[in-house]
Amino acid sequence: MNEIVNLFNILADKTRLRILLLLINHELCVCDISEALEMSQPRVSRQLALLKRARLTKDRREGKWIYYKIEENNDTLHCLQILELMTDWLKDDHEVSNDKAMLNQILCMKDKIGSCCISSGEETIGKQFLL
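Residues numbered from 1 in each chain as written. Predicted model: local features only at pLDDT ≥ 70, side-chain atom pairs only at ≥ 80, totals over all residues. Heavy atoms only, no water.

## Quick word on the nonpolar core
- In this structure, Leu11, Ile19, Leu20, Leu23, Ile33, Leu48 and Leu83 are the most contacted members of the largest nonpolar core, which totals 30 residues.
- Elements that contribute at least two residues to this core include exactly helix H1 (2-11), helix H2 (14-23), helix H3 (30-37), helix H4 (41-53), strand E3 (65-70), helix H5 (74-89) and helix H6 (94-113).
- Take this core: its biggest share by element is six residues, from H2.
- Residue contacts for leucine 48: discarding those within four places in its chain leaves Ile19, Leu23, Val30, Ile33, Thr57 and Tyr68. (Core = buried A, V, L, I, M, F, W, Y, C linked by side-chain atoms within 4.5 Å. Buried < 20%, exposed > 50% of the residue type's maximum accessible area, 1.4 Å probe, protein only. Helix = DSSP H or I, 4+ residues; strand = E, 2+ residues; numbered from the N terminus. Contact = heavy atoms within 4.5 Å.)

Below, the structure written as structure tokens:
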């Protein structure tokens, strides 16, 4: 029972929930998540660290970038089922829709430029670049 309570405590935080909803079908670097959520990188990184400690996400390093995805284990199997239900439940939510739209723009731009959205410490994908 404690595992279920812990899972729902993790999902009860709006930022962590938004991050997990972005990660359902994607492996993303911190800067992608930060841009999509329009949040600072340190704030996103703190939440990703909590998700990793809860064994809901895992990361991998590629050069100076760290990419996150949902961990594949017994705990996340249940979490993914819950997230799939939430995706349907939140399909008309403005904030979730905006997160997905921003992520799609970021991923399209990354495909065009062939690299991460941050280059040499400066953002190359920002609100002005996406518009």
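Still more to cover.
## Let's talk about H6
- Between its first and last C-alpha, H6 extends 28 Å over 20 residues, near the 28 Å set by a 1.5 Å rise per residue.
- Taken together, the buried positions of H6 are Val96, Asp99, Met102, Leu103, Ile106, Met109 and Lys110. Relative to the axis of H6, the buried residues are bounded by an arc of 150 degrees and lie together on one face. Turned more than 90 degrees from where H6 packs its buried face, His94, Asp111 and Lys112 sit exposed.
- Looking at where H6 begins, the residue whose side-chain oxygen comes 3.1 Å from the main-chain nitrogen of glutamate 95 is aspartate 93. (Expected span 1.5 Å × (residues − 1). Arc of directions from axis to C-beta. Polar contact = N/O pair within 3.5 Å; in protein donor to acceptor, adjacent residues only side chain to side chain.)

## Let's talk about the packing of aromatic side chains
- Under the criterion given, the structure shown has zero aromatic pairs.
- Its guanidinium or amino end placed over the ring of tyrosine 67, arginine 60 lies 4.8 Å from that ring's centre, counting from NZ or CZ. (Phe/Tyr/Trp six-rings, centres within 6.5 Å; stacked < 30°, edge-to-face > 60°. Lys NZ or Arg CZ within 6 Å of the ring centre and 35° of its normal.)

## Structural notes on the environment of alanine 101
- Note that alanine 101 resides in helix H6.
- By relative accessible area, alanine 101 is classed as partly exposed at 39%.

## Brief notes about the layout of surface pockets
- Its volume calculated, the largest pocket comes out at about 310 Å³.
- Listed by contribution, the elements that provide at least two residues to the lining of the largest pocket are H1 and H5.
- The greatest single-element share of the lining of the largest pocket, amounting to seven residues, is contributed by H1.
- When grouped by side-chain class, the residues that make up the lining of the largest pocket number seven nonpolar, three polar and two charged. (1 Å grid on protein atoms, 1.4 Å probe; cavity = no way out; pocket = protein on both sides within 12 Å on 5 of 7 lines; lining within 4 Å. Points joined across faces, edges and corners; volume = space filled by probe spheres on them. Nonpolar A, V, L, I, M, F, W, Y, C, P; charged D, E, K, R; others polar.)

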